[in-house]
Amino acid sequence: MELEAEIDRLPIDLLAHIFVLFTSFTDLAQAGKVCKKWKQGVKESLARKQNLSFAGWKMDDDSTSRLVSHAYNLRKLDIPRSRWSCQITDAGLIRISYAKCIGNLTSISLWGLTGITDEGVVQLISRTRSLRHLNVGGTFITDESLFAIAKSCPKMETIVLWSCRHVTKNGLIALVNQCLKLKSMNVWGTRVPVECLNNLLIMSPTLQIKI
């Protein structure tokens, strides 16, 4: 009778603890292909994660949404543009918006994702309830996204709109009017006139505007 390998005797809970320490999504994917037990361990390790960052990884809509869907306890999600070009589109954001963790996210970064538009951002933002920090700098969003943020994110504290050249004073005014906890706004590289920024400070004297 063939003896069971020592590694196969590890309980799923311990396997999940080990897999949580993995920093490579490639290694994690490979581990999930070893056997059903390891696959379950990988899923449980993702469910334990509170922070998930794809910085430095080449990700697409399918791989990103699949990983996020298993991260039930996620609080911070970072999907920035990477040096290998993160190929996330509106289709990916829409799929991510249906993940169980979305309503509990407090921080989302979509920095530099040029493949996304208002369509994906609005869908994602409209399903958040606890969002406090958002980075959509370097994207092509317009006031449509800002209106959605103003409507869906009353707890918003900081927002980065770095080089978002299609947003206007109307979107910024909506944010300040409805996001009453807003503390910081980065509008460097936007085309919003200085007069508008001064008016925003009159509306919210404690607001820090970075230009």
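Figured I'd write up the structure that's included with this text.

Helix and strand content of the protein: nine helices and seven strands. A principal-axis box enclosing the C-alpha atoms of the protein has dimensions of 80 × 30 × 25 Å. Put simply, the protein has 211 residues, and 46% of those count as buried. Considering only intrachain contacts with a sequence separation of at least 6, the fraction spanning at least 24 residues in the protein is 73%. Accessible area for the protein stands at about 11,300 Å²; split by element, carbon and sulfur atoms hold 53% of it. Positive and negative charge centroids in the protein, built from 27 and 18 side chains respectively, lie 5 Å apart.

Relative orientation of the contacting elements helix α7 (residues 143–152) and helix α8 (residues 169–178) amounts to 5°, with a least axis distance of 8 Å. Viewed along their axes, α7 and α8 adopt a mutual orientation that is roughly parallel. Together, Asp143, Leu146, Phe147, Ile149, Ala150 and Lys151 of α7 and Asn170, Gly171, Leu172, Ala174, Leu175 and Gln178 of α8 make up the contact between the two elements. Considered class by class, the residues forming the contact of α7 with α8 number seven nonpolar, three polar and two charged.

The subject of this paragraph is the state of the cysteines. With the rule as written, the count across this model stands at zero disulfides. Free cysteine cysteine 153: the closest other cysteine sulfur is in cysteine 179, separated by 6.4 Å. Since its relative accessible area comes to 1%, cysteine 153 is described here as buried.

Scoring rules and cut-offs
Residues numbered from 1 in each chain as written. Predicted model: local features only at pLDDT ≥ 70, side-chain atom pairs only at ≥ 80, totals over all residues. Heavy atoms only, no water. Helix = DSSP H or I, 4+ residues; strand = E, 2+ residues; numbered from the N terminus. Buried < 20%, exposed > 50% of the residue type's maximum accessible area, 1.4 Å probe, protein only. Contact = heavy atoms within 4.5 Å. Areas by Shrake-Rupley, 256 points an atom, 1.4 Å probe, with all protein chains shown as cover. Lys, Arg positive; Asp, Glu negative; His and termini not counted. Charge placed at Lys NZ, Arg CZ, Asp CG, Glu CD. Axes fitted to C-alpha atoms, helices over the stretch in contact; angles between N-to-C directions. Parallel < 35°, antiparallel > 145°, perpendicular 65-115°, else oblique. Nonpolar A, V, L, I, M, F, W, Y, C, P; charged D, E, K, R; others polar. Disulfide = S-S within 2.5 Å.

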